[in-house]
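# A look at the structure
So the chains spell out like this:
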Amino acid sequence: MIRRATVLFLAALLPLLAGAGQAGATGYRYWSFWEQDGSAWTYATQGPSLARPADGDVHGFRFSVSEDSSDAAKPRGTADFATICAKTPPADGSKRVALVIDFGTPQDAPSGETPPPSRTACAQVPKDATTADALAAVAKPLRYDTNALLCAIAGYPERGCGDQVATEKSPAPAEKEADSDGPSLGLIAGIAVVALLATAAIWQARRRAS
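For the structure given in this document, a descriptive report is provided here. Along each chain, the written sequence defines residue order, and numbers are assigned to residues from 1. Where totals are concerned, whole chains, interfaces and linings use all residues; where local detail is concerned, this predicted model gives features only for residues with pLDDT of at least 70, and gives and counts side-chain atom pairs only at 80 or more. With hydrogens and water set aside, each side-chain value is computed from the structure's full complement of heavy atoms.

## Things to note about the pairing of strand E3 (residues 58-66)
Stated precisely, the cut-off is as follows: Each residue gets one of three labels from its accessible area relative to the maximum for its type: buried under 20%, exposed over 50%, partly exposed in between, using a 1.4 Å probe on protein chains only. Helix numbering and strand numbering both begin at the N terminus, where a helix is a DSSP run of H or I of at least 4 residues and a strand a DSSP run of E of at least 2. At least two DSSP bridges between two strands are needed for those strands to be called paired.
For E3, the tally of buried residues reaches nine of nine residues, placing the bulk of the element in the interior. Burial of E3 is two-sided: the residues Val 58, Gly 60, Arg 62, Ser 64 and Ser 66 facing one way and the residues His 59, Phe 61, Phe 63 and Val 65 facing the other way are all buried. Inspection of the sheet shows E3 paired to strand E4 (residues 94-102) by five bridges, in the parallel sense. Its bridge partner being in E4, Val 58 is matched across the sheet by Ala 98.

## A few points about the state of the cysteines
To keep things clear, this is the line we draw: Cysteine sulfur atoms are paired as a disulfide whenever they fall within 2.5 Å.
This structure, assessed with the given rule, holds two disulfides. Paired through a disulfide, Cys 85 and Cys 122 show a sulfur-sulfur distance of 2.0 Å. Judged by the sign of its S-S torsion, about 105°, the cystine formed by Cys 85 and Cys 122 is right-handed. Here Cys 85 is found in the loop between helix H2 (81-84) and E4, whereas its partner Cys 122 is found in strand E5 (residues 119-126), with 37 residues between them in sequence.

## Overview of the nonpolar core
Test applied: By nonpolar core is meant a set of buried Ala, Val, Leu, Ile, Met, Phe, Trp, Tyr and Cys residues that side-chain atoms within 4.5 Å join together. In what follows, residue pairs with any heavy atoms lying within 4.5 Å of each other are defined as contacts.
Counting residues in each nonpolar core, the largest one holds 20 residues, and the members touching the most others are Trp 31, Phe 61, Leu 99, Ile 101, Leu 135 and Ile 153. Elements that contribute at least two residues to this core include exactly strand E1 (24-37), E3, E4, E5 and helix H3 (131-138). Ranked by residues supplied to this core, first place goes to E4 with three residues. Setting aside anything within four residues of it in sequence, one finds Leu 135 in contact with Phe 61, Leu 99, Ile 101, Lys 140, Leu 142, Leu 150 and Ile 153.

## Quick look at unusual backbone geometry
Between Lys 140 and the following residue, Pro 141, the backbone shows a cis peptide bond with an omega angle of 0°. The topology assignment puts Pro 141 in the loop between H3 and strand E6 (143-144). In this structure, the amide linkage connecting Tyr 156 to the following residue, Pro 157, adopts the cis form with an omega of -5°. Although it is not a glycine, Ala 148 sits at a positive phi angle of roughly 65°. Counting through the fold element by element, Ala 148 comes out in the loop between E6 and strand E7 (150-152). Even without being a glycine, Ala 154 presents a positive backbone phi close to 55°. We classify Ala 154 as partly exposed; its relative accessible area is 25%.

The following block contains the structure:
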């Protein structure tokens, strides 16, 4: 009975210890592509080389680390078309596309690189131009990989393209760590409860054996 109680204790403890090592996740460092709808940003449903904006559209790019489109960081700032293209008058045979280019934060930058300040630009391009054409008109040099994935805008970043990055997920509020180098309060409490139950089970087994 004592051996059985010990096995039950270890079996209950293992999930807690396993959960403590699952704080990390895999993300990707890349340029995400957005379209402005009113004052809100929506993740683009097609790549910039396929999207064909109309005159007056606002498109944005944000460099960041994210796991997928659902948690991708949006371009910062509230500049609209009227503000960005205020000094670019319309011209026959062309269209104006407002672009917001957010180079991201130092935390998302590749090692050894510093993100440039975010900026806006008004691209005046032919009416059949894509967003990629508009971007090339105002933010060279651009860099693409062999699969036409946008890797760099205005030369940033200098290296890499959609690289995998280890990320850390924040713990739930009830499980925030008092000390980032130590185990979480939730883990300590869980181990304590399991240990108490195991002790009671061992005591019961010894009592029955006697």
